[in-house]
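Overview (structure and organization)
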Amino acid sequence: RVFAFRDARWAPDPVLEPSAAVRSPHPVPLIIDNGSFQTRAGWACPDPSVPAEPLLRFRSLAARSRGARGGAGAETQVGNDLGSPEPLRWLLRSPFDRNVPVQLELQELLFDHVFQRLGVSSQGCVDHPVVLTEAVCNPLYSRQMMSELLFECYQVPKVSYGVDSLYSFYHNRRQNWPCSGLVISSGYQCTHILPVLEGRLDAKNCKRINLGGCQAAVYLQRLLQLKYPGHFAAITLSRMEEILHEHSYIAQDYIQELQKWRCPEYYENNVHKMQLPFSNKLLGSTVASEEKQEKRQQQLRRLQELNARRREEKLQLDQERLDRLLYVQELLEDGQMDQFHKALVELNMDSAEELQSYINKLSLSVEQTKQKILQSEVNIEVDVVDSKPETPDLDPLGSEQSLEDVESINEFEPLFAEEQPEVEKPVAAVQPVFNLAEYHQLFLGTERIRAPEIVFQPSLIGEDQAGIAETMQYVLERYSKEQQAILVQNVFLTGGNTMYPGLKARIQKELLEMRPFQSSFQVHLASSPVLDAWYGARDWAVEHMSREEGWISRKDYEEKGGEYLKEHCASNVYVPIRLPKQAPRAAEAPGRASGTGSAGEQA
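Under an unreviewed UniProt entry, the chain has the name Actin-related protein 5 and belongs to Leiothrix lutea. The UniProt entry for the chain carries the following comment under Subcellular location (unreviewed entry): "Nucleus". UniProt's Sequence similarities (unreviewed entry) comment on the chain is quoted here verbatim: "Belongs to the actin family. ARP5 subfamily."

Regarding the pattern of salt bridges
Counted according to the given criterion, the structure contains 21 salt bridges. With a shortest N-O distance of 3.2 Å, R324 and E346 are connected by a salt bridge. One end of the pair, R324, is in helix α8 (residues 289–333); the other, E346, is in helix α9 (residues 337–346), and 22 residues separate them in sequence. We classify R324 as partly exposed; its relative accessible area is 35%. With a relative accessible area of 60%, E346 lands in the exposed category.

Notes on helix α2 (residues 140–153)
Taking 1.5 Å as the rise per residue, α2 with 14 residues should run 20 Å; its terminal C-alpha atoms sit 19 Å apart, in good agreement. Within the span of α2, buried status applies to S142, R143, M146, S147, L149, L150 and F151.

Digging into the nonpolar core
Core analysis: the biggest nonpolar cluster contains 42 residues, and I184, L224, I243, L442, I468, M472 and I507 have the highest contact counts within it. For this core, the secondary-structure elements that each account for two or more residues are β12 (181–186), α4 (213–227), α5 (237–247), β17 (441–444), α14 (468–476), α15 (481–488), β18 (491–494) and α16 (503–514). The element best represented in this core is α4, accounting for six residues. Filtering out sequence-adjacent residues up to four positions away, M472 remains in contact with L182, I184, I193, I507, L511 and M514. Listed in part, the 37 residues of the second largest apolar core include V50, L104, V156 and Y161.

Focus on the packing of helix α1 (residues 104–117) against α2
In the contact formed by α1 and α2, the axes pass within 11 Å of each other and the chain directions differ by 50°. Classified by the interaxial angle, the pair formed by α1 and α2 is oblique. Crossing geometry of α1 relative to α2 is assigned as right-handed. Side by side, α1 and α2 meet where L104, Q107, E108 and F111 of the first sit next to M145, M146, L149, L150 and C153 of the second. A breakdown of the residues in the contact of α1 with α2 according to their chemical character gives seven nonpolar, one polar and one charged.

A look at the sheet that holds strand β11 (residues 158–163)
What the six strands build is an open sheet, ordered β4-β3-β2-β10-β11-β20; its pairing is mixed. Strands at the two margins of the open sheet, each flanked by one partner only, are β4 (56–59) and β20 (552–553). Alignment of strand β2 (residues 30–34) against strand β3 (residues 38–43), held across five bridges, turns out to be antiparallel. In the sheet register, I31 faces β3, and the bridge partner there is G42. The strands touched by helix α3 (residues 164–171) within the sheet are β2, β10 (130–134) and β11, with β11 carrying the most contacts at an inclination of about 80°. Along the sheet face, helix α17 (residues 532–543) touches β2, β3, β10 and β11 and points at about 150° away from the line of β2.

Describing the environment of R6
Its location among the elements puts R6 in the loop between β1 (2–4) and β2. The exposed category is assigned to R6, whose relative accessible area is 53%. Taking C-alpha positions, R6 is 8.3 Å from E242, a pair spaced 236 residues apart along the chain. Those residues in contact with R6 that sit more than four places away from it in its chain are E242 and E246.

About the criteria used
Residues numbered from 1 in each chain as written. Predicted model: local features only at pLDDT ≥ 70, side-chain atom pairs only at ≥ 80, totals over all residues. Heavy atoms only, no water. UniProt positions renumbered as here; feature names shortened; annotations may be inferred. Salt bridge = Lys/Arg side-chain N within 4 Å of Asp/Glu carboxyl O. Helix = DSSP H or I, 4+ residues; strand = E, 2+ residues; numbered from the N terminus. Buried < 20%, exposed > 50% of the residue type's maximum accessible area, 1.4 Å probe, protein only. Expected span 1.5 Å × (residues − 1). Core = buried A, V, L, I, M, F, W, Y, C linked by side-chain atoms within 4.5 Å. Contact = heavy atoms within 4.5 Å. Axes fitted to C-alpha atoms, helices over the stretch in contact; angles between N-to-C directions. Parallel < 35°, antiparallel > 145°, perpendicular 65-115°, else oblique. Left-handed = near helix turned anticlockwise from the far one by under 90°. Nonpolar A, V, L, I, M, F, W, Y, C, P; charged D, E, K, R; others polar. Pairing = 2+ DSSP bridges.

Shown next, in the form of structure tokens:
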């Protein structure tokens, strides 16, 4: 149960070549699931040559670097082009506040990335209809800015907005499924409880919990950083998300599960050990002192050999030059003056006295170099002989020792013999046994259930909110008993934060506690909680491709404003802005005049 962090790097998205069926006989809708954690985009085309799945999946993040001085300008990276989020964590920006897009500049960067990588080839505009997901009860201002961005910047022909969890709900419909149900959608930033009656969202009774996968990852990071302060920097948010996705689960009974973890045997059988990356270079500190001493001696021998080689080379050069000078001196002694003067000119010398001085200096240098070579050979032999511990020679001058000196030495020898093992023994016997790999392991025990538990108990992280069970009971109590029985027959779980093992059993347990005795209920989990929103939007777009229902045209945008919404089976409820009526100014003028007249009469 030792697991290594994958630390997977994101591969940049390629520029795709769209199929011919995407544009003929008319442009097909483009489906964008605009999630706060991940953006998914693809085509809604009934042609089998076009994949019926999202072609782009990337994190809804952007980073803009400042650029180097004197070099290129700022560089903007989006989604998978970031490679890894951790080196750029302080530069990362998201267009979302909770699950509502508020930074339209960053949202424009995400749209640019989608249209470019999907290969939208139209000049100056995007001539494909766009199906876009939005948050439950999305603020009108957010929808207005999104419509303005799509119609004014990208010149799209028409747009449709829908709720991601409702798209997932309708994608998972079966033949015998009722059109009513209670949708529990838990994502990266928020968790929603959505009642659906007779195929339409009851927006008045929707509830939101401001907790999701992001808060669970931050909570898990705090727990492990407090538990392992030595690995503070290595416990990153990306690794915490990996632990949540692959090693966490929901406890059916949280208190009872904590009691199980108190048992040592249960802990040993269920603990997960996460291996952090480490370097073996630190193992050099545990090398025995004998090996260090041997390496030091080897280095010393190499230096001695190198110095001896250099001395020999220097001795050879000096000897050759000395022989040359002696040969010139012999020319002088033999009386060959012409050759002698030519040799002096070649040697750049002026007189025989200068030649003699150079000969004396070189002779002295040659003798000194020979002495150094002999001395170094003697030292090497002495080092080899003295490598074994022996009784030291106390009289290096070679004089004879007296009996008193010998007796005094013999008195101290037992002390040396007893103390010597005591000095060397700790080095060999008390060598620290240190497992570097185990030191870099994170032991996941109760942390596996504590982090995902916050959606049921927000008080664990100090949030003054109700959990899923209390909120679900509060929503159900707002309906009659007949409507409650209809809703609980189809409790539907969707969203990336509902993929924990044990979540469905926990919801069933909570419903069993809050529902009347012998009442029935059913809990269903989405077939693909992450991608079903995109699949549902695609199904709706293919079905309504040639209809006007649910589509906002450019004419509707110009006449009714950017906040306008055409409702359909998976959309929000449109609540138009109602401004208070103001009294006409013509009616106010006589009243003001009469008021001033009466005031003048009173004065």
